[in-house]
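Breakdown of the fold
Here is what each chain is made of, one letter per residue.
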Amino acid sequence: LFLPQDVPVVYVVNKNGMVDASTTYAPGMDLDDPVVVFVNGNTASAAEVMTAALKENGRAVIVGDDAERTFGKGVVQTIRGLT
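Notes on the structure in this doc start here. These figures come from a predicted structure and were not determined experimentally. (Residues numbered from 1 in each chain as written. Predicted model: local features only at pLDDT ≥ 70, side-chain atom pairs only at ≥ 80, totals over all residues. Heavy atoms only, no water.)

**Side note on the overall build of the protein**
A tally of helices and strands in the protein yields one helix and four strands. Written out in order from the N terminus, the α and β elements of the protein read β-β-β-α-β. Taking all 83 residues of the protein together, the buried fraction comes to 20%. (Helix = DSSP H or I, 4+ residues; strand = E, 2+ residues; numbered from the N terminus. Buried < 20%, exposed > 50% of the residue type's maximum accessible area, 1.4 Å probe, protein only.)

Listed below in structure tokens is the structure:
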């Protein structure tokens, strides 16, 4: 929705060191309007992946209490494209 086509979204390194990377499939519908994402200690799972993708691609400003981090579950679920 907010990222251009073919930019990195997430990559996972398994216990054998193999990398599985995922990129956006299609251009987003809104690439120009400012985006702010609010996070706290309850932000978890796919919300963390989305937040990181927007931040690392320079597309969003992340706002939250500096003393508080996201949940950080450390396990990746299966990524499926939205069709």
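**Re the nonpolar core**
Among the nonpolar cores identified, the biggest contains eight residues, and these are Leu 3, Val 7, Val 35, Val 37, Val 39, Ala 53, Leu 54 and Ala 60. Aside from chain neighbours lying at most four places away, what touches Leu 54 is Phe 2, Leu 3, Val 37, Arg 59 and Ala 60. (Core = buried A, V, L, I, M, F, W, Y, C linked by side-chain atoms within 4.5 Å. Contact = heavy atoms within 4.5 Å.)

**Thoughts on the environment of Tyr 11**
Positionally, Tyr 11 belongs in strand S1 (residues 8–13). Since its relative accessible area comes to 58%, Tyr 11 is described here as exposed. The spatial distance from the C-alpha of Tyr 11 to the C-alpha of Ser 22 is 6.0 Å, given a sequence separation of eleven residues. Here Tyr 11 is in contact with Val 19, Asp 20 and Ala 21, once residues within four sequence places are set aside.

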